[in-house]
Amino acid sequence: MSSQPAVIIIGAGPVGLGLAFRLGSFDIPTLVLEAEDRIADQLRASTFHPPTLDMLDDYGLGAALVARGRITPTWQIRMHETGERAEFDLSVLSNDTDHPYRLQAEQHKLSHLFLDRLDRMPQVEVRFGAPVTAAGQDDLGAWVTTAAPDGTETRHRAAFVVGCDGARSEIRKAIGQALKGETYPETTVLATTTTPFEDRIDGLSGVNYIWMGHGTYSLLHLPDLWRCSFHPKPSQTPEQAATPEAVQAAIAEILGEDPPFDVREVRPYRVHARIVDDYRRGRIVLAGDAAHLNSPKGGMGMNGGLHDAWNLSDKLSRILHRGASTDLLDLYTRQRRPIAAEEIIAQADQNRKRMNETDPAKRRAHLARLQETAEDPDEARTFLLRSSMITGLRRAEALAA
Ligand SMILES: Cc1cc2nc3c(=O)[nH]c(=O)nc-3n(C[C@H](O)[C@H](O)[C@H](O)COP(=O)(O)OP(=O)(O)OC[C@H]3O[C@@H](n4cnc5c(N)ncnc54)[C@H](O)[C@@H]3O)c2cc1C
């Protein structure tokens, strides 16, 4: 890019790249600054919800992602010991979406698809190895500084700066916003394995949330792997629960088989329910994890961040191409913040509480209620519209009226 960009995005995660892709498709000169040397390939998000696939399909990316993932037409909540389950069939959403299923695919697959497309957009530059150290704004617009390895600082200017720089966002700090809320006490251990759970546990869906004894675990089927998440036992520290021996023992307990199992990756992580008060200060805006964090139960964090990116890019296009006032950015907060707080964080919190229930009678009551919902097509549709994030998007649209 030879001239000054109109928008600088900090962070080449799925949200920053998605925003850059959308701005590029509106022919808006955009610079992405990413601290790392390449796209992160750590296993994080793996669930794509129907409306996200619908959005990506507008650009031919939905089919490309589907080809790289596993279609999951149903998901379930079950009792490990008895196999009793409530199974939700997303085909009840056939009139609401072109993708009535969840897609299981690693988030870096979408990031690479975005990057491939951005390589063919001369109006967008993605610069890796460019950590942003400060940001601010003045009468001329917004700016950020990057630091080279030798300590040399460079200032970059644009009409707008968007912080898509994740949970530890520098841009969030620069605009004086705090991620308010709580960090949950438990650690989750995520392990991926080629062990074929589908041959060992009867009637699994592609996504399964399971009560077992006094604990809980989840099983998500990626194209080539199962992703198994569980909590440390009361006698274990998080570090002890993530050792190779402890992970082998946890899988052995689930399967009732002796180790060894082929474990590929182990990752302990903490979970938060947090959000900023305002996504915007002047010409500096936040999107994705920089603005809100939620429990991964329900698979909504990245999806919600991509929905932010689509909404924000519409606003920036109207400001930059059609002369709309910059105050249009306030509408972005007004539309997206309630959805993050009341749909995404609240549902993820409810999912976490339900699965952390240890009282057998309460678990049974939850299961009975979920089974009733799953078996009634109208109730199932209402429930799945919300858990599939369609209700949130419709609410956001109504908030613009
Ligand atoms: C175990 C786990 C499972 C999950 N599962 C799901 C799921 O199934 N579905 C779902 O929707 N979500 C899920 N999530 C959440 C999802 O991973 C995040 O919401 C998503 O990664 C957020 O994307 P992002 O682009 O906002 O931030 P990030 O992915 O964190 O990207 C931020 C980028 O900014 C860069 N950066 C940071 N600081 C700077 C700086 N100063 N200068 C330049 N660059 C910087 C970072 O290097 C990084 O590349 C899960 C999360 C975890 C931990």
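Scoring rules and cut-offs
- Residues numbered from 1 in each chain as written.
- Predicted model: local features only at pLDDT ≥ 70, side-chain atom pairs only at ≥ 80, totals over all residues.
- Helix = DSSP H or I, 4+ residues; strand = E, 2+ residues; numbered from the N terminus.
- Rg over C-alpha atoms; globule rule 2.2 N^0.38 Å.
- Buried ≥ 20, exposed ≤ 12 C-beta atoms within 10 Å, placed from the backbone.
- Contact = placed C-beta atoms within 7 Å.
- Pairing = 2+ DSSP bridges.
- Near = placed C-beta within 6 Å.
- Nonpolar A, V, L, I, M, F, W, Y, C, P; charged D, E, K, R; others polar.
- Expected span 1.5 Å × (residues − 1).
- Right-handed = clockwise from strand over helix to strand, strands pointing away.
- Arc of directions from axis to C-beta.
- Axes fitted to C-alpha atoms, helices over the stretch in contact; angles between N-to-C directions.
- Core = buried A, V, L, I, M, F, W, Y, C linked by C-beta atoms within 7 Å.
- Parallel < 35°, antiparallel > 145°, perpendicular 65-115°, else oblique.
- Left-handed = near helix turned anticlockwise from the far one by under 90°.

A. Here's a closer look at the overall build of the chain. When helices and strands are tallied, the chain shows 13 helices and 20 strands. At 22 Å, the chain has a C-alpha radius of gyration in line with the 21 Å of a compact globule built from 401 residues. Its C-alpha atoms give the chain principal-axis dimensions of roughly 65 × 50 × 35 Å. Buried residues in the chain amount to 45% of all 401 residues. Across the chain, the fraction of contacts at a sequence separation of at least 24, relative to all contacts at a separation of at least 6, is 72%.

B. Summary view of the pairing of strand β16 (residues 226-230). Of all five residues that make up β16, five are buried, and the element is covered over most of its length. Neither face of β16 is left uncovered, since the one carrying W226, C228 and F230 and the one carrying R227 and S229 both have all their residues buried. With five bridges connecting them, strand β15 (residues 215-221) and β16 associate as antiparallel partners. If you follow H221 over to β16, its bridge partner there is W226. Taken together, β15 and the strand that follows it, β16, pair antiparallel across an intervening segment of four residues.

C. Representation of the site of the ligand. The ligand sits among 34 residues. The nearest are G11, G13, G166, G288 and G301. Of all the elements in the fold, those that place two or more residues in the shell around the ligand are α1 (14-25) and α9 (301-322). Counting residues per element, the shell around the ligand draws most heavily on α9, which supplies four residues. Looking at the shell around the ligand residue by residue, the class counts come to 16 nonpolar, 12 polar and six charged.

D. Seen up close, α9. Counted at 1.5 Å a residue, the expected span for α9 with its 22 residues is 32 Å, and the 31 Å between its end C-alpha atoms agrees. Positive phi appears at G323, one or two residues downstream of α9, with a value of about 70°.

E. Highlighting the sheet that holds strand β3 (residues 47-48). Overall, antiparallel pairing links the three strands, which are arranged β3-β7-β4 in an open sheet. The sheet is open, and its two edges are formed by β3 and β4 (70-72), each paired on a single side. Here two bridges tie β3 to strand β7 (residues 102-104), and the two strands are oriented antiparallel to one another. In the strand pairing of β7, T47 is matched with Q104.

F. Just the environment of R102, in detail. Along the chain, R102 falls in strand β7. Owing to 29 C-beta atoms within 10 Å, R102 belongs among the buried residues under this scheme. Along the backbone, R102 and A135 are 33 residues apart, and their C-alpha atoms lie at a distance of 38 Å. For R102, the contacting residues outside a window of four places in its chain are T47, F48, H49, T72, W75, L90, G206 and V207.

G. Quick peek at the pairing of strand β1 (residues 7-10). What you see with β1 is no split at all: V7 and I9 on one side and I8 and I10 on the other are buried throughout. The pairing of β1 with strand β12 (residues 160-163) spans four bridges and is parallel. Across the sheet, residue I10 finds its bridge partner in β12, namely G163. In this region the chain leaves β1, passes through α1 and returns to the parallel neighbour strand β2 (residues 30-33); the handedness of that crossover is right-handed.

H. Region of the structure containing helix α8 (residues 244-255). Taking 1.5 Å of rise per residue, 12 residues should cover 16 Å, and α8 covers 17 Å from first to last C-alpha, within 8% of that figure. Taken residue by residue, α8 has V247, A250, I251 and I254 as its buried positions. For α8, the angular spread of buried residues about the axis comes to 95°, placing them on one side. The inward-facing, buried residues of α8 abut β13 (180-193), β15, β16 and β17 (263-275).

I. Here's a closer look at the sheet that holds strand β11 (residues 153-158). With antiparallel pairing, three strands are arranged side by side in an open sheet as β9-β10-β11. Because the sheet does not close on itself, it has two edges, and the strands there are β9 (132-138) and β11. Looking at each pair of strands side by side, their axes are set apart by 20° on average, direction ignored. As paired elements, strand β10 (residues 141-147) and β11 share six bridges and run antiparallel to each other. Looking at the pairing, A142 lines up with A158 of β11.

J. Fine view of the nonpolar core. Membership of the largest hydrophobic core comes to 64 residues, with the highest contact counts inside it found for V7, L19, V161, V162, V285 and A287. With residues near it in sequence (within four places) discarded, V285 still touches F160, V162, Y279, R280, L312, L329 and Y332. Judged by nonpolar contacts, the second largest core, of 38 residues, contains W211, A241, A242 and A380.

K. Fine view of the packing of helix α10 (residues 328-356) against helix α13 (residues 390-400). Taken N-terminus to C-terminus, the directions of α10 and α13 make an angle of 150°; their axes are 9 Å apart at the nearest point. Regarding the angle of α10 to α13, the classification is roughly antiparallel. Note that α10 runs across α13; the crossing there is right-handed. Across from L331, R334, Q335, R336, I339, E343 and I344 in α10, the residues of α13 making contact are T391, G392, R395, A396, L399 and A400. Its residues assigned to classes, the contact of α10 with α13 shows six nonpolar, three polar and four charged.

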